[in-house]
Amino acid sequence: MSDYDVIVIGSGAGGGTLAHHLAPSGKKVLLLERGDWLAREPQNWLAEQVFVKGRYTSPDTWFDGEGKPFEPETHYFVGGATKMYGAALYRLRAEDFGEIRHHDGISPAWPIGYDEMEPYYDRAEKLYQVHGSRGEDPTEPPSSSPYPFPAVSHEPRIQQLSDDLAAAGYQPFHAPCGVLLDEADMPFSKCVRCQNCDGFPCLVHAKSDAEVMAVRPAIEYDNVTLLTNAKALRLETNPQGTEITGVVVERDGGRETYSADIVVTSCGAANSARLLLASASERHPNGLANGSDQVGRNYMFHNSQAVLALSKEPNPTVFQKTLGLNDFYFASEEFDYPLGNIQMVGKSQAPMFRGEKPLETKLAPEWTLEKVAAHAVDFWLSTEDLPRSENRVTLADNGAVRLSYTYSNQEPKKQLYSKLKSMLGEIGMHPGHLLPHHAYLKNEIPVAGVAHQAGTCRFGADPGTSVLNTDCRAHELDNLYVVDTSFFPSIGAVNPALTAMANALRVGDHLLDRIGS
């Protein structure tokens, strides 16, 4: 007799959403989170604490392909990585579900089409209260209903930027934002449009993260149990190796084993792969679900750049992450291959510069950094990272994540940066004064920046080339599912969180049918 009907390992965009979806069924659900609740404290909103002291970066050590240790920018809390995300909740483009030729190779087709995911995108947008405006983005995929909430308005400097871009012939749009904002009734709005959103935990729980929107409502049901500080160490199987019989957990200094009819791993792409590899057995000598030798392979995390432009006039914007541009998502006039997505990021603050590049800013007076921040307009550029078999997670000697990774598709990233410089030169930014965050904040996001990780347990119809079937169940184990960004065959060039949420709802429907809700 199993302890639970379903065990979900991980409480982020995938696992938290799935637990929320299963909660009303009355089935016994155990949600395991290796971290704790993120403390609500004044330091949540202090850039010095978040960016300089790394107060909310969870301690962990991974190793690179050469065996050198590094500290990944991981966040092990209830709600997972969504506690610190910028809540930019984009759908993948419809074309992203098909095969796309890139400068460096092929982005493979998904085994399901956009039409199958669309109803779940719609439900995920409602669950996470996404604000947006249909019809502005030229690459926007078809949708069955409007955004559930109106777009977050631009502040004057960003509205000017949007107007200038439109006048120059581009098609800026209001970025889809997951915030609990009511601009029509601000005295009763949870969100106050503060400067401490993107990259910060929200002190007042006004960001649509998985803890606030999914986990907290789920654990109000008596049939849902959340265990924090519970790290899954390995999965045990029956003698035939056909189903999971136990989840071995490290908790309070000891080891405990839990069982369920269904086991779902939602630990993030790197850690889900680590868990499957660490669960090797006589029947699965190379790790669970790894008969195809694909577990851990095809790791992706976007080719991203954080870029600041020095404006001729001050930028007093507080809540800046409201604008996006996809004019070059699939190509540009000068380049026949996809370039990617441009969007705003949270407004620069002087302590961020010291935190991200302490050596370069060590001798800079604080007033200088404050002046730079006051004139900065901040952008985030994402180009698609292609799945490569050799980019993979394996186990280090001590069982930790070992991440071997070589960058790909770099030319489109350079082209996208050049397009941004060209555009801003047309609309009043200092010529030649578009500065990558290399001197202040990070420019090229390093392998340790794991926020957009995906792809280590890709799904597909062929067990020889994929880990999961189209329901995200392991081909080789009847009751094992993976519901996080591991299942992605390709990553597109927009933030992956909403796709993870939508897929959790899609798999959740399958599980409800299976367990007879």
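In what follows, the structure referred to is the one given above.
Here goes a summary of the coordinates provided. (Residues numbered from 1 in each chain as written. Predicted model: local features only at pLDDT ≥ 70, side-chain atom pairs only at ≥ 80, totals over all residues. Heavy atoms only, no water.)

### What about the overall build of the protein?
Inference 1: If you tally the helices and strands in the protein, you get 11 helices and 23 strands.
Inference 2: For a compact globule of 517 residues, the expected C-alpha radius of gyration is about 24 Å, and the protein comes in at 22 Å, within 12% of that figure.
Inference 3: C-alpha extents for the protein along the principal axes are approximately 70 × 50 × 50 Å.
Inference 4: The contacts of the protein with a sequence gap of at least 6 include a subset with a gap of at least 24, amounting to 73%.
Inference 5: Approximately 19,400 Å² of the protein is accessible, and the part contributed by carbon and sulfur atoms is 50%. (Helix = DSSP H or I, 4+ residues; strand = E, 2+ residues; numbered from the N terminus. Rg over C-alpha atoms; globule rule 2.2 N^0.38 Å. Contact = heavy atoms within 4.5 Å. Areas by Shrake-Rupley, 256 points an atom, 1.4 Å probe, with all protein chains shown as cover.)

### Looking at the nonpolar core
Inference 1: If you look at the biggest cluster of nonpolar residues, it comprises 106 residues, and the most contacted ones within it are Tyr128 and Leu235.
Inference 2: For this core, the element with the most residues is helix H11 (residues 497-515), which contributes 11 residues.
Inference 3: Counting 22 residues, the second largest nonpolar core, distinct from the first, contains Val307, Phe335, Tyr417 and Met423. (Core = buried A, V, L, I, M, F, W, Y, C linked by side-chain atoms within 4.5 Å. Buried < 20%, exposed > 50% of the residue type's maximum accessible area, 1.4 Å probe, protein only.)

### What to know about the packing of aromatic side chains
Inference 1: Considering all chains together, one arrives at 19 aromatic pairs under this definition.
Inference 2: Measuring from centroid to centroid gives 6.2 Å for Tyr299 and Tyr405, while their planes differ by 80 degrees, and the two rings are edge-to-face. With Tyr299 in the loop between helix H6 (269-278) and strand E16 (303-311) and Tyr405 in the loop between strand E21 (401-404) and helix H10 (410-426), the pair connects residues that are 106 residues apart, well separated along the chain.
Inference 3: Judged by relative accessible area, Tyr299 falls into the buried class, the value being 0%. (Phe/Tyr/Trp six-rings, centres within 6.5 Å; stacked < 30°, edge-to-face > 60°.)

### Quick word on the sheet that holds strand E3 (residues 62-64)
Inference 1: Sheet architecture is open: 4 strands sit in the order E4-E3-E21-E20, paired in mixed fashion. For this open sheet the edge positions go to strand E4 (69-70) and strand E20 (392-395), each flanked by a neighbour on one side alone.
Inference 2: As defined by bridge partners, E3 adjoins E4 across 2 bridges and the pair is classed as antiparallel. If you follow Phe63 over to E4, its bridge partner there is Pro69.
Inference 3: Strands in contact with H6 are E3, E20 and E21; relative to E20, the strand with the most contacts, it is inclined by about 40 degrees. (Pairing = 2+ DSSP bridges. Axes fitted to C-alpha atoms, helices over the stretch in contact; angles between N-to-C directions.)

### Overview of helix H1 (residues 15-22)
Inference 1: Buried residues dominate H1, accounting for 7 of its 8 residues.
Inference 2: Residues Gly15, Gly16, Thr17, Leu18, Ala19, His21 and Leu22 constitute the buried set of H1.

### Description of the state of the cysteines
By definition, a disulfide links the sulfur atoms of two cysteine residues through a covalent bond.
Inference 1: For the structure shown, the criterion picks out 0 disulfides.
Inference 2: Free of any disulfide, Cys194 has its nearest neighbouring cysteine sulfur in Cys202, separated by 6.2 Å.
Inference 3: Unpaired in this structure, Cys472 has its nearest cysteine sulfur neighbour in Cys457, at a distance of 9.8 Å.
Inference 4: The buried category is assigned to Cys472, whose relative accessible area is 0%. (Disulfide = S-S within 2.5 Å.)

### A closer look at the environment of Asn229
Inference 1: Tracing the backbone shows Asn229 in the loop between strand E11 (224-227) and strand E12 (231-237).
Inference 2: Look at Asn229 and you get partly exposed, because its relative accessible area is 36%.
Inference 3: Along the sequence, Asn229 and Lys28 sit 201 residues apart, while their C-alpha atoms lie 20 Å from each other.
Inference 4: With residues up to four places along the chain from it excluded, the contact list for Asn229 reads Glu33, Arg34, Gly35, Asp36, Glu250 and Arg251.
Inference 5: Here Asp36 takes part through its side chain, which lies 3.1 Å from a polar atom of the side chain of Asn229. (Polar contact = N/O pair within 3.5 Å; in protein donor to acceptor, adjacent residues only side chain to side chain.)

### Remarks on the pattern of salt bridges
Inference 1: As enumerated under the stated definition, the model contains 20 salt bridges in all.
Inference 2: Between Glu125 and Arg134 there is a salt bridge whose closest N-O contact spans 2.8 Å.
Inference 3: A relative accessible area of 0% means that Glu125 is categorised as buried.
Inference 4: Its relative accessible area of 21% is what places Arg134 among the partly exposed residues.
Inference 5: Three or more residues joined by partner-sharing salt bridges are found here, namely Lys83, Asp209, Glu211 and Arg216. (Salt bridge = Lys/Arg side-chain N within 4 Å of Asp/Glu carboxyl O.)

### Quick word on the sheet that holds strand E10 (residues 177-178)
Inference 1: With respect to topology, 3 strands assemble into an open sheet ordered E8-E7-E10, the strand pairing being mixed. Where the open sheet ends on each side, the last strands, each with one partner, are strand E8 (149-150) and E10.
Inference 2: With 2 bridges connecting them, strand E7 (residues 130-132) and E8 associate as parallel partners. Bridging from a neighbouring strand, Gly132 pairs with Pro150 of E8.

### Remarks on the side chain of Asn290
Inference 1: In this fold, Asn290 is placed in the loop between H6 and E16.
Inference 2: For Asn290, the contacting residues outside a window of four places in its chain are Leu277, Val295 and Glu476.

### Some remarks on the environment of Arg514
Inference 1: Mapped onto the secondary structure, Arg514 falls in helix H11.
Inference 2: Sequence-wise, Arg514 and Ile262 are 252 residues apart; in three dimensions their C-alpha atoms are separated by 9.7 Å.
Inference 3: Apart from residues no more than four positions distant in its own chain, Arg514 is found in contact with Ile262, Arg473, Asp478, Asn479 and Tyr481.

### Concerning the side chain of Glu41
Inference 1: With respect to the secondary-structure elements, Glu41 resides in the loop between strand E2 (29-32) and helix H2 (47-52).
Inference 2: Look past the residues within four positions of Glu41 in its chain and what remains in contact with it is Arg55, Tyr56 and Leu203.

### Side note on the packing of helix H3 (residues 114-127) against H11
Inference 1: Taken N-terminus to C-terminus, the directions of H3 and H11 make an angle of 110 degrees; their axes are 8 Å apart at the nearest point. The angle between H3 and H11 falls in the class roughly perpendicular. Within the contact between the two elements, H3 uses Glu116, Met117, Tyr120, Tyr121, Arg123, Ala124 and Glu125 and H11 uses Leu498, Thr499, Met501, Ala502, Asn503, Leu505, Arg506 and Asp509. (Parallel < 35°, antiparallel > 145°, perpendicular 65-115°, else oblique.)

### Thoughts on unusual backbone geometry
Inference 1: In the Ramachandran plot, Gln129 falls in the positive-phi region, its phi being about 50 degrees despite a non-glycine side chain.
Inference 2: Along the chain, Gln129 turns up in the loop between H3 and E7.
Inference 3: For Gln129, a relative accessible area of 26% gives the class partly exposed.
Inference 4: The backbone of Arg193 shows a phi angle near 55 degrees, a positive value even though the residue is not glycine.
Inference 5: You can see Arg193 is positioned in the loop between E10 and helix H5 (210-218).

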